[in-house]
Amino acid sequence: MFYAIMGTDREDSLEARLQARPEHVERLKQLQNEGRLLLAGPHPAIDSDDPGPAGFSGSLIIAEFASLEEAKAWADDDPYTQTGVFSQISVKPFRKTLP
């Protein structure tokens, strides 16, 4: 089943986010290589594709896991969680309907 992992960034997270990003992206690429990643991306803090120093307010990852517990464990081990970029994480089942 797919699960939506929604991380909310802490205040002033941009520097920490940039430092943890390579490891974070590698984990996403692993999911992609396994055919389990539906989509992933950040939420710009302002209405812009490139928010510059405004940074990001969080991220959304939708990926396939065997269970909710497995999805939560994956999110807990993410570098953005481990380094404190995310102040909060929500993991919910997701049912793809369209397209």
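Placed above this text is the structure.
The shown structure was predicted, so the numbers you read here are calculated from the model rather than taken from an experiment.

(A) Molecular detail of the pairing of strand β1 (residues 2-9). Inspection of the sheet shows β1 paired to strand β3 (residues 56-64) by seven bridges, in the antiparallel sense. Bridged to Ala4 within β3 is Ile62. Sheet topology places β1 next to strand β4 (residues 86-94); eight bridges connect them, and they run antiparallel. The residue bridging Gly7 from the neighbouring strand is Ile89, located in β4.

(B) How the structure looks around the nonpolar core. Grouped together as the largest cluster of nonpolar side chains are eleven residues: Tyr3, Ile5, Leu28, Leu31, Ile61, Ala63, Phe65, Ala71, Trp74, Ala75 and Val91. The element that contributes the greatest number of residues to this core is helix α2 (residues 68-76), accounting for three residues. Leave out the neighbours within four places in its chain, and Trp74 touches Ile5, Arg27, Leu28, Leu31, Ile61 and Phe65. Among the nonpolar cores identified, the runner-up in size contains five residues, and Ala16, Ala20, Val85 and Phe86 belong to it.

(C) Layout of the layout of surface pockets. Taken as a whole, the largest pocket holds about 240 Å³ of empty space. Surrounding the largest pocket, 15 residues form its lining, Arg17, Arg21, His24, Pro42 and Tyr80 being those nearest its centre. Breaking the lining of the largest pocket down by element, the ones donating at least two residues are α1 (14-33), β2 (37-44) and β3. Looking at the lining of the largest pocket, its residues break down into ten nonpolar, three polar and two charged.

(D) Quick peek at unusual backbone geometry. The omega torsion across Leu98 and Pro99 is -15°, close enough to zero to call that bond cis. Along the chain, Pro99 falls in the segment after β4. The phi torsion at Asp12 lies on the positive side, around 55°, for a residue other than glycine. Relative to the assigned elements, Asp12 resides in the loop between β1 and α1.

(E) Summary view of the environment of Glu15. Here Glu15 shows up in helix α1. Residues Glu15 and Val85 lie 70 residues apart in sequence; the distance between their C-alpha atoms is 9.1 Å.

(F) Fine view of α1. Over its 20 residues, α1 runs 27 Å from end to end, which matches the ideal 28 Å to within 8%, given 1.5 Å per residue. Taking the largest bend as the criterion, α1 deviates by roughly 50°, centred on Arg21, and proline Pro22 comes between one and four positions later. Of the residues making up α1, those classed as buried are Ala16, Arg17, Ala20, His24, Val25, Arg27, Leu28 and Leu31. If you follow the buried residues of α1, they end up packed against β1, β2, β3, α2, α3 (79-82) and β4. With its phi angle positive at about 75°, Gly35 sits one or two positions after the end of α1.

What counts and what doesn't
Residues numbered from 1 in each chain as written. Predicted model: local features only at pLDDT ≥ 70, side-chain atom pairs only at ≥ 80, totals over all residues. Heavy atoms only, no water. Pairing = 2+ DSSP bridges. Helix = DSSP H or I, 4+ residues; strand = E, 2+ residues; numbered from the N terminus. Core = buried A, V, L, I, M, F, W, Y, C linked by side-chain atoms within 4.5 Å. Buried < 20%, exposed > 50% of the residue type's maximum accessible area, 1.4 Å probe, protein only. Contact = heavy atoms within 4.5 Å. 1 Å grid on protein atoms, 1.4 Å probe; cavity = no way out; pocket = protein on both sides within 12 Å on 5 of 7 lines; lining within 4 Å. Points joined across faces, edges and corners; volume = space filled by probe spheres on them. Nonpolar A, V, L, I, M, F, W, Y, C, P; charged D, E, K, R; others polar. Expected span 1.5 Å × (residues − 1). Bend = angle between axes of the 7 residues up to and from the residue.

Geometric descriptors of this kind do not, in isolation, establish any biological role.
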